[in-house]
Amino acid sequence: MCGIVGYVGAKECTAILVNSLTKLEYRGYDSAGIAVFEGDRIKTVKAKGKRKEGLIKKLENEPHFTATAGIGHTRWATHGEPSENNAHPHCTDDKSVVLVHNGIIENYQELKDKLIKSGYAFYSQTDTEIAVKLVDYYYRKTGTPLEAISRAMLRIRGSYAFGIMFHDHPGKIFACLLYTSDA
Ligand code: GLU
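Residues numbered from 1 in each chain as written. Predicted model: local features only at pLDDT ≥ 70, side-chain atom pairs only at ≥ 80, totals over all residues. Heavy atoms only, no water.

## What to know about the site of the ligand
Note the following rule: One heavy atom within 4 Å of a molecule or strand makes the whole residue count as near it. Two N or O atoms form a polar contact when they lie within 3.5 Å of each other; inside protein one atom must be a possible hydrogen donor and the other a possible acceptor, and for residues adjacent in sequence the pair counts only when both atoms belong to side chains. Where accessible areas are quoted, they stem from the Shrake-Rupley method and a 1.4 Å probe; at the residue level, only the protein chains shown are allowed to cover. Counting from the N terminus, the helices are DSSP H or I runs at least four residues long and the strands are E runs at least two residues long. Under the grouping applied here, Gly and all other residues not named as nonpolar or charged are polar, the nonpolar ones being Ala, Val, Leu, Ile, Met, Phe, Trp, Tyr, Cys and Pro and the charged ones Asp, Glu, Lys and Arg.
Residues in close proximity to the ligand total 14 residues, the closest being Cys 2, Arg 75, Thr 78, His 88 and Asp 127. Note that an oxygen atom of the ligand is positioned 3.1 Å from one of the side-chain N or O atoms of Asn 102. Taking Gly 103, its main chain carries an N or O atom lying 2.9 Å from a nitrogen atom of the ligand. Contact with the protein chains removes 98% of the 290 Å² of surface that the ligand exposes when unbound. A total of three residues in the shell around the ligand trace back to one element, the largest contributor, which is strand S6 (residues 97-103). Of the residues in the shell around the ligand, the class split is three nonpolar, nine polar and two charged.

Below, the structure is given as C-alpha cells:
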C-alpha cells in the first residue's frame with residue numbers, strides 16, 4: 001500500500017508533507033519522496049528506505065525550502081525494485097510534469113511501447129513513469145492540465161490515484177482517482 005499527500009497553502013510545506021507522510025507509515029513502504037514548487041521550478045527529493053533514514057536525512061542536506069505547495073508519496077513497489085530511481089515522484093525529463101501514483105497501470109507495457117514510438121525515453125522500471133509521460137504527451141497536444149489528465153485516464157486501465165503538478169501552473173495540485181472492481 002502506498003500513501004499520497006498534498007499541500008497548497010500559506011505555510012512552507014516541506015515539513016508538512018514529511019509529517020503527513022509519517023501518518024501513513026503504518027501502511028508500510030519501501031521508499032518516499034516529495035515534489036515542491038521551489039522558485040521557478042519543481043524540485044524533487046526522494047530516497048529509498050524508511051522516512052528517518054531515507055527522506056529526512058536527504059532533506060537535511062538540502063538548502064532551506066520556501067515552497068508552499070507540493071506533493072508527497074510513500075511507495076510500496078509493484079513494478080520495479082525498491083530504489084531511489086524507482087521512488088516517486090516521477091517526472092518528465094525537464095520536470096515540466098511531476099506525478100505520484102497509488103495503484104497499478106495494467107496496460108503499462110502497451111502504453112510504454114507507444115510512447116517510445118513517440119520519442120519518449122524511460123529512466124525507471126515503474127508503471128508510474130508511463131503515466132507522467134502520457135499526461136505530458138496530452139498536455140503538449142492540448143495545453144490544459146485537465147484535458148491532458150482526462151485523455152490520459154481514458155487510455156490507462158487499472159485502479160489508481162494520481163497527484164500531479166505542472167511547472168506551468170505553480171501553486172496548483174491536480175488529483176484524480178479511478179477505482180475499478182471486477183467483483
Ligand atoms: N505501481 C507503482 C510503483 O510500483 C505504485 C505502487 C504504489 O502504489 O506504491 O511504483
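## Quick look at unusual backbone geometry
Which entries qualify depends on this criterion: Accessible area is worked out with a 1.4 Å probe on protein chains only. A residue is then buried under 20% of its type maximum, exposed over 50%, and partly exposed in between.
A cis amide bond, omega 0 degrees, links His 88 with the succeeding residue Pro 89. Assignment of secondary structure puts Pro 89 in the loop between strand S4 (69-75) and strand S5 (90-91). Even without glycine at this site, Lys 95 takes up a positive phi of about 60 degrees. Note that Lys 95 resides in the loop between S5 and S6. Judged by its relative accessible area of 26%, Lys 95 is partly exposed.

## A closer look at the sheet that holds strand S8 (residues 174-178)
What counts is decided by this rule: Any two strands between which DSSP finds at least two bridges are classified as paired. Whether two residues touch is decided by their heavy atoms; if any such pair falls within 4.5 Å, the residues are in contact. In this analysis an axis means a line fitted to C-alpha atoms, helices contributing only their contacting stretch, and an angle means the value between N-to-C directions, from 0 to 180 degrees.
On the basis of which strands lie adjacent, the open sheet formed by four strands has the order S5-S6-S7-S8 and antiparallel pairing. The open sheet has two edge strands, S5 and S8, and neither has a second partner. The pairing of strand S7 (residues 160-166) with S8 spans five bridges and is classified as antiparallel. Paired with Phe 162 across the two strands is Cys 176, which belongs to S8. Sheet contacts for helix H4 (residues 128-142): S5, S6 and S7; angle to S6, the most-contacted strand, approximately 135 degrees. Each of S7 and S8 touches helix H5 (residues 145-155); the most contacted strand, S8, lies at about 20 degrees to it.

## Observations regarding the pairing of strand S2 (residues 31-38)
Burial of S2 is extensive: eight of the eight residues sit out of reach of the surface. Here S2 shows a buried face lined by Ser 31, Gly 33, Ala 35 and Phe 37 and a second buried face lined by Ala 32, Ile 34, Val 36 and Glu 38. In this sheet, strand S3 (residues 41-48) lies alongside S2 in antiparallel orientation, the contact comprising eight bridges. Bridge pairing links Ala 32 to Ala 47 in S3. The turn joining S2 and S3, which pair antiparallel and follow one another in sequence, is formed by two residues; a positive phi near 65 degrees is taken by Gly 39. In this structure, S2 lies alongside S4, joined through six bridges in antiparallel fashion. Bridge pairing in S4 links Ala 32 to Thr 74.

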